[in-house]
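# Geometric and topological summary
Residues per chain are reported as follows:
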Amino acid sequence: MTLPLLATTGFAAAMLIAALVALVTRSTAVAVLSAGLVSLFASVLFLFLAAPDVAMTEAAIGSGLTTFLFFFVLGRIRREGRDEQ
Amino acid sequence: MSNRFSIRHAAVLGLLALLGLAFWTLLAGYVPDTELNRTAAYYAENTARETGAQNIVTAIIVTYRGLDTLGEVTVLFLTAAIVALVLGQSKAPRGGTGSGFLPSGELLATGTRMLLPIILLFGAYVAVNGHLTPGGGFQGGAILASGMLLLLLADPARRFSHRIIARVESVSGLAYVAIGVLGVALAGGFLDNRILPLGQFGALLSAGAIPLIYALVGLKVGAEFSSMLESLEETEDS
């Protein structure tokens, strides 16, 4: 196996593992983080497959904005849940 | 009870198997191309000469498939408009926002002050250099918006002016369409980039209207994401 093929396979496997973790974990924060990790691995994969433009979009929107948006909303839910008690 | 669950499990397993089969047939029939197909060969051969862009992907997105890009921008615009419309219904009374926020930490506040100019500069760089290096208006706009998100995280009570965001958004959108129509009048067709001189290959101000279009798209996308984030922040369900 050549090195690029090995790296690509490794990142694909890491992506699958991160996706599984996001599915089975009980903690919401861990699930959000591993969903972001899926996007991050995907963007590295895009980079390996010679698509830097797509990699940039995936990293900026998939793993950046979306993850922060989830945390943003989570914090908001916690805050409002606390206010009601 | 257990019978119903087993039927449901069987259905899920069957669907997964079908999905796996679909992907497997895709993968099994995959043969790597030994040469570019006709369209790709045309792009690879003529892009640099026809558009003056160093990054072929950008030339295809902005010029050859410019109408599709306009469609994407429209979709994003509609999303932002609908988010603002839906979330605007439950807006908190004026002055009521920002009272229940936890103060953000010193680390985040100081780090934001240090990082924000760099992030904004990088976003502008990515948007304007789309015809030379990987990236472009969408990516640059997303980076600009993530800078805004950092600002909101560091200081949740901060508000941007909706008016400025709306102005930036609509002016850049209109200018984008105007450039496209100018292409019909002055050059080969809608969104033709040759309304401006192509310039020297590889220079920042080259490739005709591509840097201009991507700067506009970057501003538009950044303004749209920022307005979405802000309407999310402003919403109070109480």
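What you are looking at is a predicted structure, and each value in this text was computed from that prediction instead of being measured.

### Considerations on the nonpolar core
- Formed by 36 residues in total, the largest nonpolar core has its most connected members in A:Leu65, B:Tyr176, B:Ile213, B:Val217, B:Val221 and B:Phe225.
- Mapped by element, the contributors of at least two residues to this core are helix H3 (52–84) of chain A together with helix H3 (56–64), helix H4 (66–88), helix H5 (106–128), helix H6 (137–154), helix H7 (162–186) and helix H8 (210–234) of chain B.
- At ten residues, H8(B) tops the list of elements feeding residues into this core.
- Apart from residues no more than four positions distant in its own chain, A:Leu65 is found in contact with A:Ala60, B:Ala142, B:Ala145, B:Ser146, B:Leu149, B:Phe225 and B:Leu229.

### Regarding the pattern of salt bridges
Residues and elements named next belong to chain B.
- Applying the stated criterion across every chain yields a total of two salt bridges over all chains.
- The closest approach of N and O atoms between Glu169 and Lys220, which form a salt bridge, is 2.6 Å. Residue Glu169 is located in helix H7, and its partner Lys220 is located in helix H8; the two are separated by 51 residues in the primary sequence. Accessibility assignment for this pair places Glu169 and Lys220 in one class, buried.
- Here Lys220 and Glu224 are joined by a salt bridge, their closest N and O atoms 3.3 Å apart. Taken together, the residues Lys220 and Glu224, both in helix H8 and four residues apart, mark about one turn of the helix.
- The class of Lys220 is buried, set by a relative accessible area of 8%.
- The exposure class of Glu224 is buried, given its relative accessible area of 1%.

### So, the confidence of the model for chain A
- Mean pLDDT over chain A stands at 84; residues scoring 70 or higher make up 92%.
- For chain A, H3(A) is the element with the lowest average pLDDT, namely 80, and helix H2 (residues 28–48) of chain A is the one with the highest, namely 90.

### Re the environment of B:Ala41
Residue and element names in this part refer to chain B.
- Locating Ala41 in the fold gives a position in helix H2 (residues 38–51).
- Accessibility expressed as a relative area gives 28% for Ala41, which makes it partly exposed.
- Here the alpha-carbon distance between Ala41 and Gly141, two residues 100 residues apart in the chain, equals 31 Å.

Calculation rules
- Residues numbered from 1 in each chain as written.
- Chains lettered and ligands numbered in written order.
- Predicted model: local features only at pLDDT ≥ 70, side-chain atom pairs only at ≥ 80, totals over all residues.
- Heavy atoms only, no water.
- Core = buried A, V, L, I, M, F, W, Y, C linked by side-chain atoms within 4.5 Å.
- Buried < 20%, exposed > 50% of the residue type's maximum accessible area, 1.4 Å probe, protein only.
- Helix = DSSP H or I, 4+ residues; strand = E, 2+ residues; numbered from the N terminus.
- Contact = heavy atoms within 4.5 Å.
- Salt bridge = Lys/Arg side-chain N within 4 Å of Asp/Glu carboxyl O.
- pLDDT = per-residue confidence, 0-100.

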